[in-house]
Amino acid sequence: SSGINAEYGGMRDQLYPWGNAYERKRMNIWQGKFPKENKGKDGHIGVAPVKAFQAQNSFGLYDMIGNTWEWTSTVYGVDPQTKMPQYTLRGGSYVDSVDGKFNHKADVTTRMGNTADAGSDNIGFRCARDATSQDLERHKKQEL
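Presented here is a report on the structure given in the accompanying data block. In this text the structure is predicted, and so the values were computed from the model without any measurement.

**Concerning the packing of aromatic side chains**
Here comes step 1: On inspection of all chains with the given rule, the structure shows four aromatic pairs.
Here comes step 2: Each ring, one from W30 and one from F34, has its centre 4.9 Å from the other, and the planes form 80 degrees; the classification is edge-to-face.
Here comes step 3: What makes W30 buried here is its relative accessible area of 13%.
Here comes step 4: A relative accessible area of 34% places F34 in the partly exposed class.
Here comes step 5: When the centroid spacing of 5.0 Å and the interplanar angle of 5 degrees are considered together, the rings of F34 and F102 count as stacked. Here F102 lies in the loop between β2 (85–90) and β3 (111–115) and F34 lies in the segment before β1 (69–78), a separation of 68 residues in the sequence.
Here comes step 6: The class of F102 is partly exposed, set by a relative accessible area of 22%.

**Quick word on the nonpolar core**
Here comes step 1: Membership of the largest hydrophobic core is limited to seven residues, which are Y16, W18, M27, I29, I65, A106 and V108.
Here comes step 2: Discounting chain neighbours no more than four positions away, the residues touching M27 are Y16, W18, Y22, D42, F53, Q56, I65 and A106.

**Regarding a positive patch on the surface**
Here comes step 1: A contiguous patch of positive charge on the surface is contributed by R24, K25, K33, K39 and K41.
Here comes step 2: For R24, the location among the structural elements is in the segment before β1.
Here comes step 3: Classification of R24 by relative accessible area gives partly exposed; the value is 41%.

Calculation criteria
Residues numbered from 1 in each chain as written. Predicted model: local features only at pLDDT ≥ 70, side-chain atom pairs only at ≥ 80, totals over all residues. Heavy atoms only, no water. Phe/Tyr/Trp six-rings, centres within 6.5 Å; stacked < 30°, edge-to-face > 60°. Buried < 20%, exposed > 50% of the residue type's maximum accessible area, 1.4 Å probe, protein only. Helix = DSSP H or I, 4+ residues; strand = E, 2+ residues; numbered from the N terminus. Core = buried A, V, L, I, M, F, W, Y, C linked by side-chain atoms within 4.5 Å. Contact = heavy atoms within 4.5 Å. Patch = residues over 30% accessible without salt bridge, like charges linked within 9 Å, V, L, I, M, F, W, Y side chains within 5 Å. Areas by Shrake-Rupley, 256 points an atom, 1.4 Å probe, with all protein chains shown as cover. Salt bridge = Lys/Arg side-chain N within 4 Å of Asp/Glu carboxyl O. Lys, Arg positive; Asp, Glu negative; His and termini not counted. Charge placed at Lys NZ, Arg CZ, Asp CG, Glu CD.

The quantities given are spatial measurements derived from coordinates; they are silent on function.
Here it is in structure tokens:
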């Protein structure tokens, strides 16, 4: 393992994969009065297609925050009612907000748990592979 967290694009202490400043056309979140009106200022109402926004970091990764929660295999905890394990969801979705005034704040630190039998159109998963030494070298060159 390279020790680099791809979600952050090699950066640390940032709110978004591209840096600290919110950019409206970089992720799909709720824009308007929740839950009655989503103005779609980011170009989408509901789930956006994959790659609807430019790559979010220098690794060339897409949709790291907003749009759909990313379901991971990391155990989050146990559901207090069902006693089933909860798995970590990260990054927020299109029903979340930039500031957390409703639902969740959509940024790289946002996490919550859900059980494996949960289903919603704002939960998805990421297909990924390990970075090769060539990928890491290309990333280093882009940072220069």
